[in-house]
Number of protein chains: 2
Amino acid sequence: MNLEDIARRAGVSRSTVSRVINNEPYVNSKTRERVLAIVEAEGFTPNPAARMLVTQRAQVIGVAIPRTLTSVFEATDYFPALLQGVSDGAQERDYATLLWLGHSDQDRDRFYGRILRNRLMDGLIIASATSDLLLNPRLLNTGAIVVTVERPLAYADRVSYVTVDNIKAAEDAVNHLLNLGRRRIGHITGAMDNPDAQDRLAGFQGALQQVGLFNPDLVAEGMFTTQSGYLGMMQILKRGPVDAVFAASDSMAFGALQALREAHLRVPQDVALVGFDDLPHASEATPRLTTIRQPIQQKGYLATRLLLDLIEGKLEGPQQIILPTQLVIRESTGFDVL
Amino acid sequence: MNLEDIARRAGVSRSTVSRVINNEPYVNSKTRERVLAIVEAEGFTPNPAARMLVTQRAQVIGVAIPRTLTSVFEATDYFPALLQGVSDGAQERDYATLLWLGHSDQDRDRFYGRILRNRLMDGLIIASATSDLLLNPRLLNTGAIVVTVERPLAYADRVSYVTVDNIKAAEDAVNHLLNLGRRRIGHITGAMDNPDAQDRLAGFQGALQQVGLFNPDLVAEGMFTTQSGYLGMMQILKRGPVDAVFAASDSMAFGALQALREAHLRVPQDVALVGFDDLPHASEATPRLTTIRQPIQQKGYLATRLLLDLIEGKLEGPQQIILPTQLVIRESTGFDVL
DNA sequence: GGATGATCTGGGAGCGCTCTCAGATTTGCC
DNA sequence: GGCAAATCTGAGAGCGCTCCCAGATCATCC
């Protein structure tokens with residue numbers, strides 16, 4: 001079943017059917033209806049490969065999530081929410097979503113080669129600007145349209161991205177703890193090659209330095225995983241007493257919670273704890289976790305819309321979107337807003 | 001840059017380049033090397049749309065995850081692990097993975113029409129055989145190649161699938177609890193239109209009936225989410241005392257844990273608790289959760305390999321793969337194997 | 001009524017590949 | 001050496017669509 005078949009049944013030409021399918025003007029309304037009826041009846045949809053071949057458009061976007069540092073999905077609930085947003089955004093505009101979860105360089109090369117160069121995808125969402133594994137000159141020079149969901153470490157002037165104000169968010173967390181009277185505040189960072197992690201540390205450090213309370217001994221490097229949160233907390237406890245900790249992700253806060261429990265420190269009485277993300281688990285933990293809520297799913301959704309606007313020429317050049325975050329105060333810092 | 005360009009540079013014909021690219025025999029080894037060198041140098045990869053158009057093959061598989069009952073990714077860590085397996089399996093055989101996370105019927109129709117009929121995908125993994133939203137005669141009659149990762153509710157004789165022996169797994173859980181001396185054992189089911197949930201209930205019921213201890217009052221219907229686990233546990237507690245509970249997923253076990261805590265019941269002293277899945281969180285909870293480990297990622301991986309074998313004609317007709325599960329005993333049933 | 005423009009329709013070319021077929025060259029063997 | 005088979009190569013057709021151009025039809029206005 002192809003255009004020609006429909007045309008024959010409708011007593012018109014291939015071209016006319018094509019015009020109807022693509023909703024172009026200059027088709028007699030009677031003819032249009034007749035063709036549409038047959039298209040409907042036959043359940044006809046144009047062959048995407050043929051269309052792709054001539055238009056050089058695939059109606060497909062890619063989402064790339066590198067898996068170098070951590071096993072993406074075991075580590076955190078962050079990526080699933082993001083994927084949901086991307087999928088919604090793409091579906092809304094009738095694009096399909098191609099998923100790439102790569103680890104090896106070989107995977108990456110295949111991805112570049114087979115998929116990007118040949119326009120199997122019209123554009124790409126990169127879900128972790130961590131390192132230059134994906135976001136590098138080689139990619140950018142292909143002219144590929146790319147949107148990242150973090151502030152890129154490099155090429156920030158050439159790349160479009162959607163992110164949150166991590167610096168301000170971290171400041172909010174610290175100021176909340178300061179307002180509670182906490183003075184020895186620790187921080188478990190995310191993976192430090194990640195821009196989000198860097199910005200959260202910068203915000204943390206800045207806010208404490210402003211009041212002369214920054215102590216580098218109370219900062220431990222994590223990598224966003226629960227496990228690393230546990231280890232980071234242990235490390236901080238070894239270095240000196242703390243009365244509060246800001247973890248750069250909820251997953252790490254859960255790990256920290258475990259470590260504090262094992263050290264027989266009460267949360268929030270002895271140590272107040274703030275996370276980041278507001279994952280579903282955060283409000284279910286014991287104690288329920290104070291955290292910075294960031295609109296993860298919306299980030300994916302808006303990044304996708306931005307990407308499609310760039311693809312379709314509705315927007316130009318690098319665009320940056322900064323979304324707001326929100327401090328959600330729960331039991332782990334001593335207040336229960338419910 | 002296309003076949004013809006490469007051919008010109010190599011002083012051969014389009015056909016010969018095509019043969020080299022596709023690794024076909026009957027090409028002089030000298031010629032092959034020369035062509036290969038130029039392909040390499042130019043970074044040439046054949047246009048997938050053109051190839052797709054003539055071969056009717058896309059080198060793309062789809063993963064469909066319906067989102068009717070629950071918001072897939074917020075509810076459970078199950079799907080991410082599955083996706084990882086699927087992605088690995090596809091990548092290994094040089095296939096791309098198209099992701100479909102649909103909610104509405106309209107989404108579904110678009111999916112059927114645009115994507116399936118026109119072979120934008122060569123085959124499909126259905127990640128929740130729940131209801132007939134996706135797996136229905138309309139789909140099967142298109143001749144689409146489908147593999148599900150649950151035992152299908154209907155058409156089980158026509159569909160290939162990869163699953164675990166949920167009945168036996170549930171029996172294992174119950175027998176473990178019985179061996180610990182527990183006698184009043186409750187169950188929080190998964191979403192009851194899901195075959196996994198049905199089989200787990202069947203196994204639970206069967207094992208208890210065998211020893212004359214089955215009590216329907218102690219069964220509450222959940223839907224795999226943490227929230228529903230919490231509510232299910234509340235409901236069971238209202239109906240009568242229990243000394244053990246088997247939850248059909250870890251997520252629900254976490255919810256149940258919360259409810260038990262609020263009821264001032266100790267786990268495992270007052271109530272022993274068994275989950276299902278062995279998610280990463282299970283071993284991090286307090287107390288660490290006894291659970292049935294099922295190889296989720298491997299399920300996705302094997303389903304994908306099976307799908308590709310079916311697509312490529314290496315295997316025939318409906319194939320079923322049943323993977324083993326494993327009872328992992330931890331603190332929540334009173335033993336700590338570590 | 002005829003020139004002008006807007007509206008509508010069909011045919012041809014071509015996107016970049018694979019596949020079939022036929023022809024050219026080499027090899028094997030009596 | 002000669003004949004058959006195996007090996008190698010190129011040209012042509014065609015996958016199903018879009019896009020361009022040319023021609024046909026219709027309405028508009030002096």
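All figures in this text were calculated on a predicted structure; none of them were measured in a lab.

Caption draft 1: Summary view of the domain arrangement of chain A. For chain A, the assigned domains read domain 1 (60-164 + 296-323) and domain 2 (166-294 + 327-333). Its C-alpha centre places domain 1 of chain A at a distance of 29 Å from the equivalent point of domain 2 of chain A.

Caption draft 2: The arrangement of the pairing of strand S6 (residues 185-189) of chain B in detail. Residues and elements named next belong to chain B. Most of S6 sits inside the fold, with 5 of its 5 residues counted as buried. Both faces of S6 are covered, namely the face carrying Ile185, His187 and Thr189 and the face carrying Gly186 and Ile188. Where S6 meets strand S7 (residues 219-221), 3 bridges bridge the pair, whose relative direction is parallel. For Ile188, the partnering residue across the bridge sits in S7 and is Ala220.

Caption draft 3: The arrangement of helix H6 (residues 78-92) of chain B in detail. Its 15 residues give H6 of chain B an end-to-end C-alpha distance of 22 Å, which sits within 8% of 21 Å, the value for a rise of 1.5 Å per residue. Here H6 of chain B lies mainly inside the structure; 14 of its 15 residues are buried.

Caption draft 4: Quick peek at the packing of aromatic side chains. All chains considered together, the criterion is met by 6 aromatic pairs over all chains. Between Phe204 of chain B and Phe214 of chain B, the ring centres sit 6.3 Å apart and the planes meet at 75°, which makes this aromatic pair edge-to-face. Separated by 10 residues along the polypeptide, Phe204 of chain B in helix H10 (residues 195-210) and Phe214 of chain B in the loop between H10 and S7 bring together distant segments of the chain. Site record: aromatic cluster; members linked through ring pairs are Phe204, Phe214, Phe246 and Phe276 of chain A. The cationic tip of Arg200 of chain A hangs over the ring face of Phe276 of chain A; the distance from NZ or CZ to the ring centre is 3.6 Å.

Caption draft 5: Local environment of the packing of helix H9 (residues 166-179) of chain A against helix H10 (residues 195-210) of chain A. Residues and elements named next belong to chain A. Close contact between H9 and H10 brings their axes to 7 Å; oriented N to C, the two are set at 40°. Relative to H10, the element H9 is oriented oblique. For the pair H9 and H10, the sense of crossing is right-handed. In contact with Asn166, Ile167, Ala170, Glu171, Val174, Asn175 and Leu178 of H9, H10 contributes Asp196, Asp199, Arg200, Gly203, Phe204, Ala207 and Leu208. Class assignment for the residues of the contact of H9 with H10 results in 7 nonpolar, 3 polar and 4 charged.

Caption draft 6: Inspection of the protein's contact with DNA strand C at higher detail. As a matter of local geometry, DNA strand C sits amid 26 residues, with Ser15 and Arg19 of chain A together with Leu3, Arg14 and Ser18 of chain B nearest to it. When the atoms of DNA strand C within 4 Å of the protein are grouped by moiety, sugar and phosphate amount to 60% of the total. In the model, a base oxygen of DNA strand C is placed 2.6 Å from a nitrogen or oxygen of the Arg19 of chain A side chain. Between DNA strand C and Arg14 of chain B, the relevant distance is 2.4 Å, taken from a base oxygen to a side-chain nitrogen or oxygen of the residue. Those elements giving two or more residues to the surface near DNA strand C turn out to be helix H2 (14-21) and helix H4 (48-55) of chain A together with helix H2 (14-21) and helix H4 (48-55) of chain B. At 5 residues, H4 of chain B tops the list of elements feeding residues into the surface near DNA strand C. Looking at side-chain class alone, the surface near DNA strand C contains 11 nonpolar, 11 polar and 4 charged residues.

Caption draft 7: View of the side chain of Gln258 of chain A. Relative to the helices and strands, Gln258 of chain A is located in helix H12 (residues 250-262). Polar contacts involving the side chain of Gln258 of chain A include one to the side chain of Thr286 of chain B, which spans 3.3 Å. Discounting chain neighbours no more than four positions away, the residues touching Gln258 of chain A are Tyr230 of chain A together with Glu284 and Thr286 of chain B.

Caption draft 8: Summary view of the environment of Glu33 of chain A. Residue and element names in this part refer to chain A. Structurally, Glu33 can be placed in helix H3 (residues 29-42). For Glu33, a relative accessible area of 58% translates into the label exposed. Residues Glu33 and Ala191 lie 158 residues apart in sequence; the distance between their C-alpha atoms is 58 Å.

Caption draft 9: Quick look at the sheet that holds strand S3 (residues 123-126) of chain A. Reading across the sheet, the 12 strands line up as S11(A)-S5(A)-S4(A)-S3(A)-S1(A)-S2(A)-S2(B)-S1(B)-S3(B)-S4(B)-S5(B)-S11(B) and stay open at both edges, with mixed pairing between neighbours. Across the chains shown, the open sheet's two edge strands, defined by having one partner strand only, are strand S11 (320-323) of chain A together with strand S11 (320-323) of chain B. Within this sheet the neighbouring strands show an average axis-to-axis angle of 20°, counted without direction. As judged from the 2 bridges shared by strand S4 (residues 146-148) of chain A and strand S5 (residues 160-164) of chain A, these two strands associate in the parallel manner. Along S5 of chain A, the bridge assignment pairs Val147 of chain A with Ser160 of chain A. Those strands touched by helix H13 (residues 296-311) of chain A are strand S1 (60-64), S3, S4, S5 and S11 of chain A, and its axis lies near 165° from that of S5 of chain A. Of the strands in this sheet, strand S1 (60-66), strand S3 (123-126), strand S4 (146-148), strand S5 (160-164) and S11 of chain B are in contact with helix H13 (residues 296-311) of chain B, which crosses S5 of chain B at around 160°.

Caption draft 10: Looking closely at the relation of the copies chain A and chain B. Mapping chain A onto chain B calls for a screw motion: a turn of 180° about the axis and a shift of 0.0 Å along it, with 0.0 Å RMSD after fitting. Such a combination of turn and shift is consistent with a two-fold rotation axis.

Caption draft 11: Local environment of the sheet that holds strand S10 (residues 290-293) of chain B. All names here are of chain B. What the 6 strands build is an open sheet, ordered S7-S6-S8-S9-S10-S12; its pairing is mixed. At either end of the open sheet lies a strand with only one pairing partner, and these are S7 and strand S12 (326-328). Taken pair by pair, the neighbouring strands of this sheet meet at an average axis angle of 15°, ignoring direction. Pairing of S10 with S12 involves 3 bridges; the strand directions are antiparallel. Paired with Thr291 across the two strands is Val328, which belongs to S12. Contacts between H10 and the sheet are confined to S6, S7, strand S8 (244-247) and strand S9 (272-277), with S6 contributing the most and set at about 165° to the helix.

Parameters and conventions
- Sequence order as written defines residue numbering, which begins from 1 separately in each chain.
- Working convention: letters from A go to chains and numbers from 1 go to ligands, in the order in which they are written.
- The predicted origin of the model limits local features to residues at a pLDDT of at least 70 and limits the giving and counting of side-chain atom pairs to 80 or more, whereas totals for whole chains, interfaces and linings rest on all residues.
- Hydrogens and waters are ignored; side-chain quantities use all the structure's heavy atoms.
- Domain start and stop positions are those given by an automatic or database domain assignment.
- Each residue is placed in one exposure class: buried if its accessible area under a 1.4 Å probe, protein chains only, is under 20% of its type's maximum, exposed if it is over 50%, and partly exposed if it falls in between.
- Counting from the N terminus, the helices are DSSP H or I runs at least four residues long and the strands are E runs at least two residues long.
- If DSSP finds at least two bridges between two strands, the strands pair.
- Here, expected helix span is obtained from the residue count minus one, scaled by 1.5 Å.
- Stacked, tilted and edge-to-face pairs are distinguished by plane angle, under 30 degrees for stacked and over 60 for edge-to-face with tilted covering the rest, among Phe, Tyr and Trp rings (Trp via its six-membered ring) whose centres lie within 6.5 Å.
- For a lysine, the NZ atom is tested; for an arginine, the CZ atom; a charge sits over a ring if that atom is within 6 Å of the ring centre and within 35 degrees of the ring normal.
- Interaxial angle, 0 to 180 degrees, is taken between N-to-C directions of lines fitted to C-alpha atoms, where a helix line uses only the stretch in contact.
- Each angle gets one of four labels, with under 35 degrees taken as roughly parallel, over 145 as roughly antiparallel, 65 to 115 as roughly perpendicular, and the rest as oblique.
- Crossing chirality is assigned from the near helix's rotation relative to the far helix, an anticlockwise turn below a right angle marking it left-handed and a clockwise turn marking it right-handed.
- Any pair of residues with heavy atoms lying within 4.5 Å of one another is described as a contacting pair.
- Throughout, the ten residues Ala, Val, Leu, Ile, Met, Phe, Trp, Tyr, Cys and Pro are labelled nonpolar, Asp, Glu, Lys and Arg are labelled charged, and all others, Gly among them, are labelled polar.
- Working definition: residue near molecule or strand if any one of its non-hydrogen atoms lies within 4 Å of it.
- Whenever two N or O atoms come within 3.5 Å, that pair is a polar contact, provided that in protein one can donate a hydrogen and the other can accept it, and provided that, for residues adjacent in sequence, both atoms are side-chain atoms.
- Residues reaching a pLDDT of at least 70 in both copies supply the C-alpha atoms on which the copies are superposed by least squares.

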